[in-house]
Amino acid sequence: MDYKQPMRLSRYFLPILRETPKEAEIVSHRLMLRAGMIRQEAAGIYAWLPLGLRVLQKVAQIVREEMDRAGAIELLMPTLQLADLWRESGRYEAYGPEMLRIKDRHQRELLYGPTNEDMITEIFRAYVRSYRDLPKILYHIQWKFRDEQRPRFGVMRGREFLMKDAYSFDFDEASARLSYNRMFVAYLRIFARMGLRAIPMRAETGPIGGDLSHEFIILAETGESGVFCHADVLNLPVPPETTDYDSDLSAIIKEWTSLYAATEDVHDEARFERETPEEKRIHTRGIEVGQVFYFGEKYSKPMQSLIAGPDGVDRPFQGGSYGVGVSRLVGALIEANHDEQGIIWPEAVAPFKIGLANLKVGDAATDKACADLFAALQKAGVEVLYDDTDERPGGKFARLDLIGLPYQIIVGPKGLAEGKVELKTRATGARESLDPAEVLARLAAA
RNA sequence: CGGGGUAUAGCGCAGUCUGGUAGCGCGGAAGUUUUGGGUACUUCAGGUCGCAGGUUCGAAUCCUGCUGCCCCGACCA
């Protein structure tokens, strides 16, 4: 997808719903349906329409950039996996009905992958034998399927979902902890870049297993689990882009994990009260958007992925896995950024930066002013959606507010009579009457 | 997986109790009008009433079975 390609609304595919579909209960689901981002094809299974896809891919791209920055290497594993692979790790029977099991024409047993620890271990085992090749962190961004008993909340808890999962390979535990720390720091940056405050919380390790784990959680009333934390954890500094991932990151980890923060599953009320002054105690709900695990030899041992050490002795590698719910994040972002009128996208993930509204299509002056602005924005490489439809102003305003582009440039005969266009900032609602050149200077710069 | 709902036009709904071959609003098309926060009016198009059986002269409506979807709970990125 070429994001910079400017788009005319009259040629785009943006099926806006004026009324709320009744099946949508929470706000992000309602808005995604209304804004023409997704269409449900089955319970927990969605088609991503053009506007939704743009956001999904932007989220994925931020994840990708931060993973790369932290030294992880991208690959791509298939969605379908052989059941035998999972038998080898002992998880085929353990996983339960959540796993979608299917057979091919030869009656070979396959499954639609709910995660990829087994497969990445198989790949790694095939090629890596020496401690000298470690450490490594491999990741991919791929669709997963978990046959939830009860999918709900739109893309926040779908059955099919897009996930980034990374896997670390280390020779010893000390090194594995460093990999864990790298991913931890990368996660802090990923969510911060999307304008989200994600808090790492101690959590249960779940069916994947392991002995060290944090969930990254966004506080939201509509979240699926209860959380407890110290208020100050909301204001900790996010590691900068210049963070050296080859350095010892433990100071950052310590800073982010010393204040109390836990999900209800592992919550210890006595400890919470001991460690947190009453006025700093937060008890609310949260949306899990990422999780990091260290699980040691859980897969390398049963699957016999052995690494020769300096002493010539083979040992199972020390593993960790690190997930980010990419499609879920799109829902979470809306939960965190909306108002009565619709979505308010953070600029980093907005489907377009600007909505350019021609209030009187067919009027020579507004047409020309819009065409000039459109061309200039295109030239400046700014992502712009030009509403060139022959529709009433009210409808255009409502639609732009609904889809939540960060800026609206409103061009109508009234303002143009004085040589002005209006610049509206979606987040604040602020409207300014400016020369077209001023608007350009403002929006093309940032 | 337990409990509760629901299924009628693209979307939101009425009609079902009391059987007589389907209607309203929004949206769509054509037109007049209007033009800075979803303008008003006129006309038009669009539905084998979730599916399969059954009862009946006749079924959206009554009976049986099935399926999809939603909500609460348990469970989960």
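Shown above is the structure to which this text applies.
Residues numbered from 1 in each chain as written. Chains lettered and ligands numbered in written order. Predicted model: local features only at pLDDT ≥ 70, side-chain atom pairs only at ≥ 80, totals over all residues. Heavy atoms only, no water.

**Notes on the overall build of chain A**
Then, number 1: Tallying secondary structure elements over chain A gives 13 helices and 24 strands in all.
Then, number 2: The C-alpha radius of gyration computed for chain A amounts to 24 Å, which stays within 12% of the reference 22 Å derived for 446 residues, consistent with globular compactness.
Then, number 3: Dimensions along the principal axes, computed over C-alpha positions, put chain A at roughly 80 × 60 × 40 Å.
Then, number 4: Across the 446 residues in chain A, those meeting the buried criterion constitute 53%.
Then, number 5: A total of about 19900 Å² of accessible surface is found on chain A, and carbon and sulfur atoms cover 49% of it.
Then, number 6: Taken together, the 58 basic and 67 acidic charged side chains of chain A have centroids lying 4 Å from each other. (Helix = DSSP H or I, 4+ residues; strand = E, 2+ residues; numbered from the N terminus. Rg over C-alpha atoms; globule rule 2.2 N^0.38 Å. Buried < 20%, exposed > 50% of the residue type's maximum accessible area, 1.4 Å probe, protein only. Areas by Shrake-Rupley, 256 points an atom, 1.4 Å probe, with all protein chains shown as cover. Lys, Arg positive; Asp, Glu negative; His and termini not counted. Charge placed at Lys NZ, Arg CZ, Asp CG, Glu CD.)

**Some words on the protein's contact with RNA strand B**
Then, number 1: What surrounds RNA strand B is a group of 41 residues, the closest being Arg150, Gly158, Glu288, Arg392 and Glu422.
Then, number 2: When the atoms of RNA strand B within 4 Å of the protein are grouped by moiety, sugar and phosphate amount to 45% of the total.
Then, number 3: The separation between a base nitrogen of RNA strand B and a polar side-chain atom of Glu19 is 2.7 Å.
Then, number 4: Of all the secondary structure elements, the ones that give two or more residues to the surface near RNA strand B are β2 (38–42), β14 (281–296), α11 (393–403), α12 (413–416) and β23 (421–425).
Then, number 5: Looking at the surface near RNA strand B residue by residue, the class counts come to ten nonpolar, nine polar and 22 charged. (Near = heavy atom within 4 Å. Polar contact = N/O pair within 3.5 Å; in protein donor to acceptor, adjacent residues only side chain to side chain. Nonpolar A, V, L, I, M, F, W, Y, C, P; charged D, E, K, R; others polar.)

**Digging into a negative patch on the surface**
Then, number 1: On the surface, Asp268, Glu269, Glu273, Glu278 and Glu279 cluster together into a patch of negative charge.
Then, number 2: Take Asp268: it is sitting in the loop between β13 (261–263) and α8 (269–275). (Patch = residues over 30% accessible without salt bridge, like charges linked within 9 Å, V, L, I, M, F, W, Y side chains within 5 Å. Salt bridge = Lys/Arg side-chain N within 4 Å of Asp/Glu carboxyl O.)

**Considerations on the packing of aromatic side chains**
Then, number 1: By the definition in use, this model includes 17 aromatic pairs.
Then, number 2: A ring pair is formed by Phe228 and Phe272, whose centres lie 5.7 Å apart and whose planes are at 75°; its orientation type is edge-to-face. One end of the pair, Phe228, is in strand β12 (residues 225–230); the other, Phe272, is in helix α8, and 44 residues separate them in sequence. Phe272 carries the same exposure label as Phe228, and that label is buried.
Then, number 3: Connected via pairs of aromatic rings, a cluster forms that spans Tyr180, Phe184, Tyr187, Phe191, Phe216 and Tyr322. (Phe/Tyr/Trp six-rings, centres within 6.5 Å; stacked < 30°, edge-to-face > 60°.)

**What about helix α10 (residues 364–379)?**
Then, number 1: In a regular helix each residue adds 1.5 Å, so 16 residues correspond to 22 Å; α10 covers 22 Å between its end C-alpha atoms and thus fits that length.
Then, number 2: Three or more residues of α10 are buried, namely Thr366, Ala369, Cys370, Leu373, Phe374 and Leu377. Seen end-on, α10 carries its buried residues on one side only, within an arc spanning 130°. Among the exposed residues of α10, those oriented more than 90 degrees off its buried face are Ala364, Lys368 and Lys379.
Then, number 3: Where α10 begins, the side chain of Asp363 points an oxygen toward the backbone nitrogen of Ala365, at a separation of 3.0 Å. (Expected span 1.5 Å × (residues − 1). Arc of directions from axis to C-beta.)

**A look at the sheet that holds strand β5 (residues 80–82)**
Then, number 1: Taken in spatial order, the three strands make up an open sheet running β5-β7-β6, and their pairing is antiparallel. Of all strands in the sheet, those bounded by a partner on one side alone are β5 and β6 (100–103). Neighbour-to-neighbour, the strand axes of the sheet open up by a mean angle of 40°, direction not taken into account.
Then, number 2: Pairing of β6 with strand β7 (residues 109–112) involves four bridges; the strand directions are antiparallel. Considered in β7, the bridge of Lys103 is made with Glu109. (Pairing = 2+ DSSP bridges. Axes fitted to C-alpha atoms, helices over the stretch in contact; angles between N-to-C directions.)

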